[in-house]
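Geometric and topological summary
Below, each chain spelled out in residue letters.
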Amino acid sequence: MEQLARIFAEKGFQTFVFSTGAQAAKALAEMVGTGKTVGIGGSKTVDQLSLYDTLKEQGNRVIWHWKESDKAKARREALFSDFYLCSSNAVTKDGKLVNIDGTGNRAAAMMFGPKTLVFLVGKNKIVDNVEEGIKRIREKACGPNARRQNLNVPCALTDRCADCHTKDRMCNLFLVHEYPSKGIEKTCIFFIDEELGL
Ligand code: SF4
């Protein structure tokens, strides 16, 4: 994980390595401080680390569509936050971040909008290359995500991708970060030596 962090750091990402999710959450809370706006993309990892509650209690305005009734409004507002938190669906050993998105809010924030973007990445997200990343997403992440959102897609039933053409399809957008976006002041990756998220 230290070696992976070095590979990403050489590309201009700000990288940090933590043994546990609790340590990563504490460091993130210190980095954000108080009085900021914090947007969150759909992320089981962020949920597991209880960052929504922690950052709110610390005096920040936290915008997460998972917690709001007007989800479309929350998705738009979260884009232009001081900090935007998310995970990455996969991270390759040669230093690329691989993500899919259905609605596009999370992918958009990974490219432009927030001042500081933070990826929180558990060790289960590490793959050999982009192709393996897409495979991992479709075979390991999409099924549980679809069930959580009650989506009517084949992988919700089989945990296998049928390259569906349904209206609920989640794999509409594919985004690969070769390097950090120039439109974001600071892109951080918190590597966490635990299994987190989907
Ligand atoms: S294309 Fe459809 S079946 Fe395949 S992973 Fe995406 S949502 Fe599931």
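Preceding block: the structure.
Residues numbered from 1 in each chain as written. Predicted model: local features only at pLDDT ≥ 70, side-chain atom pairs only at ≥ 80, totals over all residues.

Topic: the overall build of the protein chain
Our working definition: By the criteria applied, helices consist of DSSP H or I runs no shorter than four residues and strands consist of E runs no shorter than two, each listed in order from the N terminus. What the globule rule says is 2.2 Å times the number of residues to the power 0.38, and the radius of gyration is computed from C-alpha atoms. Labels follow a simple rule on C-beta atoms placed from the backbone: if 20 or more others lie within 10 Å of a residue's own, it is buried; if 12 or fewer, it is exposed; otherwise it is partly exposed.
A tally of helices and strands in the protein chain yields eight helices and ten strands. Its C-alpha atoms give the protein chain a radius of gyration of 16 Å, within 12% of the compact-globule value 16 Å for 198 residues. Along the three orthogonal principal directions, the C-alpha set of the protein chain runs to about 45 × 40 × 30 Å. Looking at the protein chain as a whole, 41% of its 198 residues qualify as buried.

A closer look at unusual backbone geometry
Positive phi values are uncommon outside glycine, yet serine 50 reaches one of about 55 degrees. Its location among the elements puts serine 50 in the loop between helix H3 (44-48) and helix H4 (51-57). The residue aspartate 159 is not glycine, and still its phi comes out positive at about 60 degrees. Here aspartate 159 shows up in the loop between helix H8 (154-158) and strand E9 (173-177).

A short note on the environment of asparagine 152
The following threshold applies: Once C-beta atoms are placed from the backbone, any two residues with those atoms within 7 Å are in contact.
Tracing the backbone shows asparagine 152 in the loop between helix H7 (130-148) and H8. Expressed as a C-alpha distance, the spacing of asparagine 152 and leucine 175, which sit 23 residues apart in the sequence, is 23 Å. The residues contacting asparagine 152, other than those within four sequence positions of it, are Thr166 and Asp168.

Some thoughts on the site of the ligand
As a reminder, the rule being used: Using the backbone to place each C-beta atom, any residue with that atom within 6 Å of a molecule or strand is considered near it.
Taken together, the residues surrounding the ligand are Arg138, Cys142, Val153, Pro154, Cys155, Cys161, Ala162, Asp163, Cys164, Arg169, Met170 and Cys171. Listed by contribution, the elements that provide at least two residues to the shell around the ligand are H7 and H8.

What about the nonpolar core?
So the rule is basically this: In these notes, a nonpolar core means any group of buried Ala, Val, Leu, Ile, Met, Phe, Trp, Tyr and Cys residues linked to one another through C-beta atoms within 7 Å.
Grouped together as the largest cluster of nonpolar side chains are 49 residues, with contacts concentrated most on Leu85, Val118, Phe119, Leu120, Val121, Ile189 and Phe190. Aside from chain neighbours lying at most four places away, what touches isoleucine 189 is Phe8, Phe13, Thr15, Phe119 and Val121.

With respect to the sheet that holds strand E3 (residues 61-64)
Here is the rule: Only strands that DSSP links by at least two bridges are regarded as paired with each other. Angles here are taken between N-to-C directions and fall from 0 to 180 degrees, while the axes themselves are lines fitted to C-alpha atoms, restricted in helices to the stretch in contact.
As summarised here, the arrangement of the six strands in space is E1-E10-E7-E4-E2-E3, forming an open sheet in which the pairing is parallel. Two strands close off the open sheet at either side, each with one partner strand: strand E1 (14-18) and E3. Taking the axes of each pair of neighbouring strands and ignoring which way they run, one obtains an average angle of 20 degrees across the sheet. Note: strand E2 (residues 37-40) against E3, four bridges, orientation parallel. Among the inter-strand pairings, threonine 37 is bridged to a residue of E3, identified as arginine 61. The strands touched by helix H1 (residues 2-10) are E1 and strand E10 (186-192); relative to E1, the strand with the most contacts, the crossing angle is about 170 degrees.

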